[in-house]
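# Architecture at a glance
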Amino acid sequence: MRATVYRNVGEVQVENVPDAVIQQPTDAIVRITHACICGSDLWFYRGFDGWKPGWRMGHEWMGIVEQVGSQVRKIKRGDRVIAPFAFSDGSCKYCSRGLQTSCLQGGFWGGASNDGGQAEAIRAPLADATLIVLPPSVEGDDAMLKAILPLTDVMSTGHHAAVSAGVQPGSKVAVIGDGAVGLCAVLAAKRLGAERIIILGRHQKRLDIARQFGATDMVTSRDEQAVSEVLEMTNGGVDSVLECVGTKSSMDTAISIAYPGGAIGYVGVPHGSQTINLSQMFMSNIMLRGGVAPVRTYIPELLADVVAGKLDPSPVLDLTVDLDGVPRGYAAMDSREAIKVMVRL
Ligand SMILES: [Zn+2]
C-alpha cells in the first residue's frame, strides 16, 4: 500500500509500505477515503520534535472497514467510520473519566510504530472503543462527509478549548489564533452560546471565515497592542480565553486579557511556552485548563449536530489534494497558502 512518510525537514514522500494487516484480535483494517494535513503535523515537518526518516504521517482520517479481528464486536466490515487522533481501550481508569488521550493501552496515529492516516489504509487497534460508525444517511454526501472530517481533531479540539474555558450562554470570549483550531474554537464558542467572540488573528481570508463562524470582533495587532485593544473594547477583559497557538506570546496575551476570575482554555501544542506568569494569574484568580483534547468523548455530540445541519466546520478545509498531492499540501500549509488540507483518496 501507499502511505505518507517523513523523509527530512520540509520533505515528506508518498511511498510503498507493507500493507496494513490485523495484528491483534481487537484490530480493524480501514480503507481510507478522506484524511487531513494538520497544523500540528507541521511541527514535525519543520524539524521540531525529533521526527525520524521513515516515520508515518497523519492522525485525521475516515474510511470504510475492510477487515476486523476475531474479538471485534461492534465494528463491522463495510461500516463507514471516523477515528479520534488517538486510539484507546475505552475501559481503563482514564478512559472511564473521559480522558482517552491518557489511555493506559492507547496511542497516537503515525510515528515509529503506528500506521498514519495520510495513506491508502490503516490498522486501527482497539477498534470497538476507538472508532465511531457514521450513520448510513451520510454515505455519498460529499459535503456532509467534509463537514464531519474535522471532528477527528480540529473541531473537537476547538470545542475542548471552549469547554475548558467554561464558555456558556452570554459569555464574553476571546480566541487567540486564526488557524483551523482557532477558527473551530470560534464555532465552538458560538455553539455554546457565547454572546461576544473576539478573534485575535492576522490573515484576512481566515478572519472572514471567523466572522462567518460567529466572531463579532477582530483584533489584528499583537502582544501589548492587542492586549490594550481587547481590554478597552471589553472594559477590562473577557470571561473566557481560548488559546489555540501554543507559543509564549500567545499564552502571555491570554493571561493579560482574561477578566479577574476568568478562565483560559489552552489547546495549542506548547512550543516555547513552558514558562507562564503565575503571579499575574494568582493576583487575578485566573484559571488555566485544557491540554490534548479527549476527542473520543466529544465526537458523538458534535457528530449529531453536524448530521442535523447545525454545525459545519468544513470551510477550514480550503485545499483538496489526492494522495500524490500530499507533499504539495504540506508546502501549501507551511507557507500559509492553505488553512487546512483535505486528502481525498
Ligand atoms: Zn483507556
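Residues numbered from 1 in each chain as written. Predicted model: local features only at pLDDT ≥ 70, side-chain atom pairs only at ≥ 80, totals over all residues. Heavy atoms only, no water.

### Notes on the packing of aromatic side chains
To be explicit about the condition: Side-chain rings of Phe, Tyr and Trp, where Trp is taken by its six-membered ring, are said to pair if the distance between their centres is within 6.5 Å; with planes under 30 degrees apart they count as stacked, over 60 as edge-to-face, and otherwise as tilted. Secondary structure elements follow DSSP: runs of H or I no shorter than four residues count as helices, runs of E no shorter than two count as strands, and numbering proceeds from the N terminus. Buried, partly exposed and exposed residues are distinguished by accessible area as a fraction of the type maximum, computed with a 1.4 Å probe on protein chains only: under 20%, between the cut-offs, and over 50%, respectively.
The tally for this structure, following the rule as stated, stands at seven aromatic pairs. With centroids separated by 6.2 Å and ring planes inclined at 15°, the aromatic side chains of Phe85 and Phe108 adopt a geometry described as stacked. Remark: Phe108 occurs in strand E7 (residues 107–108) and Phe85 occurs in the loop between strand E5 (80–82) and strand E6 (86–87); sequence separation between them is 23 residues. Between Phe87 and Trp109, the ring centres sit 5.1 Å apart and the planes meet at 55°, which makes this aromatic pair tilted. Of the two residues, Phe87 sits in strand E6 while Trp109 sits in the loop between E7 and strand E8 (121–124), which places them 22 residues apart along the sequence. Like Phe87, the residue Trp109 is buried in the burial classification. Taken together, the ring pairs in this structure connect Phe44, Trp51 and Trp55 into an aromatic cluster.

### Quick word on the packing of helix H4 (residues 154–164) against helix H5 (residues 180–191)
Here is the rule we go by: Here the axes come from fitting lines to C-alpha atoms, over the contacting stretch only for helices, and the angles between their N-to-C directions go from 0 to 180 degrees. Orientation is classified from the angle alone, with under 35 degrees giving roughly parallel, over 145 giving roughly antiparallel, 65 to 115 giving roughly perpendicular, and any other angle giving oblique. Left-handed describes a crossing in which the near helix is turned anticlockwise from the far one by less than a right angle; the clockwise case is right-handed. The criterion used for residue contact is that any of the two residues' heavy atoms lie within 4.5 Å.
Across the interface, H4 lies against H5 with an axial gap of 7 Å and an inter-helix angle of 55°. The angle between H4 and H5 falls in the class oblique. Pair H4 / H5 crosses with right-handed handedness. Counting all contacts with H4, which are made through Val154, Met155, Thr157, Gly158, His159 and Ala162, the residues of H5 involved are Ala180, Val181, Cys184, Ala185, Leu187, Ala188, Ala189 and Arg191.

### Some details on the coordination of the zinc ion
Heads up, the condition is: A 2.8 Å cut-off from the metal defines N, O and S donors, relaxed to 3.2 Å for Na, K and Ca; water is not in the atom list, so some sites may appear incomplete. Key to geometry: four donors with every angle between 85 and 135 degrees are tetrahedral; four donors are square planar and six octahedral where opposite donors lie over 155 degrees apart and all remaining angles lie between 65 and 115; all other sites are irregular.
Protein-derived ligands of the zinc ion are Asp89 (OD), Cys92 (SG), Cys95 (SG) and Cys103 (SG), with the metal-ligand distances lying across 2.1 to 2.3 Å. The site at the zinc ion holds four donor atoms, and with the angles between them running 95 to 119°, its shape is tetrahedral. Mapping the donors of the zinc ion onto the primary sequence yields the spacing D-x2-C-x2-C-x7-C. Note that Asp89 is positioned in the loop between E6 and E7 and Cys103 in the loop between E6 and E7, a separation of 14 residues in sequence. Taking the relative accessible area as the measure of exposure, Asp89 reaches 14% and is therefore buried. Cys103 gets classed as buried once you look at its relative accessible area, which sits at 9%.

### Some points on the sheet that holds strand E13 (residues 238–243)
Here is the rule we go by: Following DSSP output, two strands are said to pair if at least two bridges run between them.
A sheet is described by the order of its strands in space; here six strands give the open sequence E12-E11-E10-E13-E14-E15, paired in parallel fashion. Sheet topology places strand E12 (217–219) and strand E15 (287–290) at the edges, where each strand pairs with a single neighbour. Recorded for the sheet is a direction-independent mean angle of 20° between the axes of neighbouring strands. Alignment of strand E10 (residues 172–176) against E13, held across four bridges, turns out to be parallel. Pairing of Val175 across the sheet is with Leu242, part of E13. On the sheet, H5 packs against E10, strand E11 (196–200) and E13 and is oriented at approximately 175° with respect to E11.

### Quick word on the domain arrangement of the protein
This is how the line gets drawn: Each domain span listed reflects an automatic or database assignment of domains. Buried area: the accessible surface (1.4 Å probe) lost by two parts on joining, summed over both. Any carboxyl oxygen of Asp or Glu within 4 Å of a side-chain nitrogen of Lys or Arg constitutes a salt bridge here. Pairing of N or O atoms within 3.5 Å defines a polar contact, subject to two protein rules: one partner must be a possible hydrogen donor and the other a possible acceptor, and residues neighboring in sequence count only if both atoms are side-chain atoms. Amino acids outside the nonpolar list (Ala, Val, Leu, Ile, Met, Phe, Trp, Tyr, Cys, Pro) and the charged list (Asp, Glu, Lys, Arg) are all regarded as polar, and Gly is one of them.
If you check the domain split of the protein, you get domain 1 (2–153 + 294–344) and domain 2 (154–290). Using C-alpha coordinates to define each centre, domain 1 is positioned 27 Å away from domain 2. Each side of the interface is counted separately: domain 1 has 29 residues, and domain 2 has 21 residues. Buried surface at the junction of domain 1 and domain 2, both sides included, amounts to about 2,000 Å², of which 64% is carbon and sulfur. Of all residues in domain 1, Trp43, Tyr298 and Ile339 bury the most surface against domain 2, accounting for 28% of the area lost on that side. We note a salt bridge from Arg191 to Glu301, for which the minimum N-O separation is 3.1 Å. Counting across the interface, domain 1 meets domain 2 through 12 residue pairs in polar contact (both at pLDDT 80 or more). Where the side of domain 1 that touches domain 2 is concerned, the elements lending two or more residues are helix H1 (39–45) and helix H10 (295–307). Here the side of domain 1 that touches domain 2 is built from residues that sort into 17 nonpolar, two polar and 10 charged.

### Describing unusual backbone geometry
One non-glycine residue, Asp49, lies in positive phi territory at about 65°. A positive phi angle, near 65°, is found at Arg336, a position not held by glycine. The class for Arg336 is partly exposed, based on a relative accessible area of 48%.

### Topic: a nonpolar patch on the surface
So the rule is basically this: For patch building, the residue pool is restricted to those with more than 30% relative accessible area and no salt bridge; the joining distance is 9 Å between like charges and 5 Å between nonpolar side chains (Val, Leu, Ile, Met, Phe, Trp, Tyr). Calculation of accessible area relied on Shrake-Rupley with a 1.4 Å probe; when residues are assessed, cover is drawn exclusively from the protein chains displayed.
A surface patch of nonpolar side chains, about 240 Å² in accessible area, is lined by Ile276, Leu278 and Leu288. Along the polypeptide, Leu278 turns up in helix H9 (residues 278–284). By relative accessible area, which is 57% here, Leu278 ends up exposed.

### Quick word on helix H6 (residues 204–213)
Applied cut-off: What the arc describes is the spread of directions from the helix axis to the C-beta atoms.
Within the sequence span of H6, burial applies to Arg206, Leu207, Ile209, Ala210 and Phe213. Buried residues of H6, seen end-on, are gathered within an arc of 155° and therefore sit on one face of the element. Opposite the packed face of H6, turned more than 90 degrees from it, sit the exposed residues Gln204 and Gln212. Among the structural elements, H5, E11 and E12 are those in contact with the buried residues of H6. One or two steps after H6, the chain reaches Gly214, where phi turns positive at roughly 120°.

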